[in-house]
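Survey of secondary and tertiary structure
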Amino acid sequence: MKSLNKQGTPKQLGPIGDPAGKSMLYKPEGWITKVAKKNKGTKIINPNVKDGSDYIRFSPKNPDARAPVGQQYNYFERYKNGKVLTKDGQWVNPATHPNKQDFHIPQDMFEELKPLLELD
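I will try to describe carefully the structure that is included in this document. (Residues numbered from 1 in each chain as written. Predicted model: local features only at pLDDT ≥ 70, side-chain atom pairs only at ≥ 80, totals over all residues. Heavy atoms only, no water.)

Description of the side chain of Thr86
Inclusion rule: Numbering of helices and strands runs from the N terminus; a helix is a DSSP stretch of H or I covering at least four residues, while a strand is a stretch of E covering at least two. Contacts between residues were defined by any pair of non-hydrogen atoms, one from each residue, lying within 4.5 Å.
Note on placement: Thr86 falls in the loop between β7 (83-85) and β8 (91-92). Ignoring any residue separated from it by four or fewer positions in sequence, one finds Thr86 in contact with Val92, His97, Asp102, Phe103, Ile105 and Leu113.

Structural data, given as structure tokens:
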């Protein structure tokens, strides 16, 4: 969602990379919101894990027509305890998993996978 500022140029609403603020619908109570790397997305971090390794990152669709398949839609990634959740609902080691695109889960699958996300 965009609105116009006084000069008539688009102004983004919500966190950077999440103009509609949709990721805020999924934010667990008490978790901290930050801008993701390169200002491309929103990172929601569990403050109870001091090293910052327990988080969800929401990213917008990559507008480049040559973007990898896993970036051609709004997606999220879920990391916890050195593991990452795949689209198939499996927790895997990101360093050894053969297909990094498996980590880019379409945002519309959030509710379906919520029981597996371990957001406590």
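Read on, since the account is not over.
Considering the pairing of strand β5 (residues 55-59)
Every regular strand shows the same layout, with side chains that alternate between the two sheet faces. Put simply, the test is: Exposure is judged per residue with a 1.4 Å probe applied to protein chains only, and the accessible area is read against the type maximum: over 50% gives exposed, under 20% gives buried, and values in between give partly exposed. Whether two strands pair comes down to DSSP finding at least two bridges between them.
Within β5, four of the five residues are buried, leaving the element largely enclosed by the surrounding structure. Bridge count for β5 against strand β6 (residues 75-80) is five bridges, and the pairing is antiparallel. Bridge assignment links Ile56 to a residue of β6, and that residue is Arg78.

Notes on the nonpolar core
Definition in use: In this description, a nonpolar core means a group of buried Ala, Val, Leu, Ile, Met, Phe, Trp, Tyr and Cys residues linked to one another through side-chain atoms lying within 4.5 Å.
Grouped together as the largest cluster of nonpolar side chains are 13 residues, with contacts concentrated most on Ile56, Phe58, Phe76, Ile105, Phe110, Leu117 and Leu119. Where this core is concerned, the elements lending two or more residues are β5 and α1 (110-113). Within the second largest apolar cluster, six residues are counted, among which are Tyr55, Val84, Val92 and Phe103.

Details of the pattern of salt bridges
Counted only if it meets this: By salt bridge we mean one thing: a side-chain nitrogen of Lys or Arg within 4 Å of a carboxyl oxygen of Asp or Glu.
What the rule picks out here adds up to four salt bridges. For Arg57, the salt bridge identified is with Glu77, shortest N-O distance 2.0 Å. With Arg57 in strand β5 and Glu77 in strand β6, this residue pair connects regions lying 20 residues apart in the sequence. Owing to a relative accessible area of 4%, Glu77 belongs among the buried residues under this scheme. The salt bridge involving Arg66 is made with Asp64; its shortest N-O contact spans 3.2 Å. A relative accessible area of 73% places Arg66 in the exposed class.

Focus: the packing of aromatic side chains
Applied cut-off: Pairing of aromatic rings covers Phe, Tyr and Trp, the last counted by its six-membered ring, and requires centre-to-centre distances within 6.5 Å; plane angles under 30 degrees mean stacked, over 60 mean edge-to-face, and any other angle means tilted.
Scanning the model with the defined rule gives six aromatic pairs in all. Ring centres of Tyr26 and Phe58 lie 5.6 Å apart, and the angle between their planes is 15°; on these two criteria the pair is classed as stacked. Within this pair, whereas Tyr26 is found in the loop between β2 (10-12) and β3 (32-35), its partner Phe58 is found in strand β5, the two being separated by 32 residues in sequence. Between Tyr26 and Phe110, the aromatic rings sit 4.0 Å apart at their centres with planes inclined by 25°, giving stacked as the arrangement. Here Tyr26 is found in the loop between β2 and β3, whereas its partner Phe110 is found in helix α1, with 84 residues between them in sequence. Given the relative accessible area of 1%, Phe110 is considered buried. Every member of this aromatic cluster is reached through a ring pair, and the members are Tyr26, Phe58, Phe76 and Phe110.

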